[in-house]
Amino acid sequence: MNEASGPPHDEAAEDGPRRTGPARAAGPVGDASGQAPVSAGRPGSGERRLHPVTPLRRAWAPVALLAGWALHDPGSAYRHVSDLATSTLLLGLGVLLPAAALYGFLSWWVTHFSVTDTELRIRTGVLFRRTAHIRLDRLQAVDVTQPLLARFLGVAKLKMDVIGTSSKDELAYLGEPDARALRAELLARAAGFAPETAGEVGEAPVRRLVRVAPRMLAVSLLLTATTWLSLVGALIVPGFLWFATHNLWTVLAAGLPLLGAAGATSAGRFVREYDWTLGESPDGLRLDHGLLDRSHETVPPGRVQTVRVVEPWLWRRLGWVRVELDVAGSQNGVLLPVADRATAREIISRVLAGAEVPEEFLPPPGRAAWCVPAWWRGYGLAVTDRLFAARHGLFHRTVALVPHAKVQSVRLEQGPWQRHQGVADLHVDTGASKTVTAHLRDVTEAAALLREQADRSRTSRRTAHPDRWMTGPGVGAEEGNGGGTGAVPSPG
C-alpha cells in the first residue's frame, strides 16, 4: 500500500521541520532583515483584512463580559437590575449595544494579515497594538474549522500549529474558499515552494481511508463506562442533596455541573466526533469531523510521537478500539474515535511508517503482585525493532506505542517497596512532553532495557530519513472522495 508519511524522524530538538520538497526558487531580494518585500499587486502577498462578518463576532466581547459577571454572581446581578428603572435600563442598553458594535467594527478595521516569503504576519489591537510573526519554516499544520453559524455564513476559521508554542494562532473569519486557498499557500511556502508559485499549488489531493459510521460511534459511546457513571452521578447526587437540605439552589449548583459533565462525555463527544473521516494527503493525515462545528485538521507527517490504542472493557467482544495520538507541538489528540482492530492496525502502520502493533506482551514478574495487587496483570511490555510498546489497564486497557526515533530520554525509577520486591518502572519521554511507562519490570531487566533503549534511539535517529513534506508519493489519484486503490474500508 502507498504511504504518505516517511519513516520516523525526531525533530523536537531542531529549529523547524526539515523540508525535502521542491527547492525554493529565487525570489525578490529582501531587505537587511532578510524579509522579502511584500508586493501589494501579487495575490496573497499584500495586507488583507478578515471577512466583513467578523465584527459580529468581535462585538460580543463586551456583552459576554457582562454575561460572565451575571453568571458569576446571579443574586447580586438580579438585585442591581431590579433596582434600575425601566428608562435607565433601556438607556443602558442603548449605550451598550452601539458600543459593542463600534468595538467589533474597530477591532476588524485594525486587523490585517499578510504573507511574506518567510512568515505570516497578523497585526491587530484597538488600544494595544500586537503583531504576530509566524515563521513558515516552523509551521507544521493549518486547520480549517467552521462553527455552526460560520457554516451558514460561508466563513471559516484558520488555526495554525507552530513548533514551540502551546496555543494556536488563528485568523477568524475568512471566506471559506479564501481560507482553503490561504491554507494551501501557507503549506506550500512552508514546504519550500517559490513564493510566485506557492499560490498556484492549490489544495493537496486527499484519499479517504476511513469513515466512522454515526451508528457505530453512538453504540461505542453507549458502551463506555464513563457515560453511565457520569449519568448515574448526575441523578443520584442531586436527589441525595434534596433530601438532605431541601434547598433548590444547592441541588442546582451540584446537579447542573454533573449533567453538563454527563453530556460532555456522551452527547458532546458524539457531536464533536460525528462523521469522522480520515484521509491521506502529501501534507499529512486529514481529519474531518463535527456535526455542528465542522473541523478540518491535519496531522503532519513524522510529528507523531506516540500512538495509543485504547480498548474499553465493553468494546472487547465487538473487537473495537480507539486510537489516540501525541503530536509534537499540536493539540490533535484523536486519530480514530472507534474502529475495528484490523482497520486500526492498518492505519497505525501508515502513521508509524510500517511499524506493526505487537501481538504479545511480557507480563511483570509474579512478585509485582505485592506492589499492585490484581492490577499488575494488566501491565505488559514489548520491544520490537521499530517500537517501544507498554500496556496498562486491567479493564480499560491502553497500549502506548513509541517509535525508537522519537524517544528523547529514558529513566528508571524505583520506590522503597519496589526496591524490596526487586522491580522498577521504566519511563520513556517523547518530544510531545509525554511519558510512556513500563510498570513493575524486573530490576535486572529494567537496567538492561535502559541501556538498550538509549542505543536503539540513537541508532534510529541517525538512520531515519527526513520526513516527507508536501511530496509524499503514491497518494491516490482521486481527490476528495478518496476512491483510490488500497483504501482502508470504512468500519461499521
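Whatever comes next refers back to the structure up there.
One structure accompanies this document, and this report is about it. Source: prediction; values computed, not measured.

**Notes on the pairing of strand β11 (residues 304–311)**
- Of all 8 residues that make up β11, 8 are buried, and the element is covered over most of its length.
- Relative to strand β12 (residues 320–327), β11 runs antiparallel, the two being bridged by 6 bridges. Paired with Val-304 across the bridge in β12 is Val-327.
- In terms of strand pairing, β11 meets strand β16 (residues 397–403) through 5 bridges, oriented antiparallel. The residue bridging Val-307 from the neighbouring strand is Leu-401, located in β16.

**Let's talk about helix α12 (residues 341–351)**
- Restricting attention to buried positions, one finds in α12 the residues Thr-343, Ala-344, Ile-347, Ile-348, Ser-349, Arg-350 and Val-351.
- Of the residues flanking the start of α12, the one acting as N-cap is Asp-340, its side-chain oxygen 3.2 Å from the backbone nitrogen of Ala-342.
- Where α12 ends, the next residue or the one after it, Ala-353, has phi of about 55°, a positive value.

**Quick word on the environment of Arg-130**
- For Arg-130, the location among the structural elements is in strand β3 (residues 130–135).
- As for Arg-130 and Thr-111, which are separated by 19 residues in sequence, their C-alpha atoms are 9.5 Å apart.
- If we skip the residues at most four places from it in the chain, Arg-130 touches Ile-122, Arg-123, Thr-124 and Asp-169.

**Here's the deal with the environment of Lys-159**
- Relative to the elements of secondary structure, Lys-159 occurs in strand β5 (residues 155–162).
- On the basis of relative accessibility, which here comes to 25%, the residue Lys-159 falls in the partly exposed class.
- Remark: the alpha-carbon pair of Lys-159 and Thr-145, spanning 14 residues in sequence, is separated by 7.6 Å.

**Focus on the nonpolar core**
- Core analysis: the largest hydrophobic core is formed by 38 residues, its most contacted members being Val-307, Leu-335, Leu-336, Val-351 and Leu-401.
- Not counting chain neighbours up to four residues away, the residues in contact with Leu-401 comprise Gln-305, Thr-306, Val-307, Val-309, Ile-348, Leu-352, Val-357, Pro-358, Leu-387, Phe-388 and Ala-389.
- Counting 23 residues, the second largest nonpolar core, distinct from the first, contains Ala-132, Leu-136, Val-144 and Val-162.

**So, the sheet that holds strand β1 (residues 112–115)**
- With respect to topology, 3 strands assemble into an open sheet ordered β1-β2-β3, the strand pairing being antiparallel. The sheet terminates laterally at β1 and β3, the two strands that pair on one side only. Strand-to-strand twist across the sheet, computed as the mean angle between neighbouring axes with direction ignored, equals 10°.
- Here β1 runs beside strand β2 (residues 119–124); their pairing, made up of 4 bridges, is antiparallel. Paired with His-112 across the bridge in β2 is Arg-123.
- Helix α6 (residues 176–191) rests against β1 and β2 of the sheet, and its axis sits at about 45° to β1.

**Digging into the environment of Arg-451**
- By secondary structure assignment, the location of Arg-451 is in helix α14 (residues 443–463).
- When the C-alpha positions of Arg-451 and Val-410 are compared, they lie 8.7 Å apart, and in sequence the two are 41 residues distant.

What counts, and at which threshold
Residues numbered from 1 in each chain as written. Predicted model: local features only at pLDDT ≥ 70, side-chain atom pairs only at ≥ 80, totals over all residues. Heavy atoms only, no water. Buried < 20%, exposed > 50% of the residue type's maximum accessible area, 1.4 Å probe, protein only. Helix = DSSP H or I, 4+ residues; strand = E, 2+ residues; numbered from the N terminus. Pairing = 2+ DSSP bridges. Polar contact = N/O pair within 3.5 Å; in protein donor to acceptor, adjacent residues only side chain to side chain. Contact = heavy atoms within 4.5 Å. Core = buried A, V, L, I, M, F, W, Y, C linked by side-chain atoms within 4.5 Å. Axes fitted to C-alpha atoms, helices over the stretch in contact; angles between N-to-C directions.

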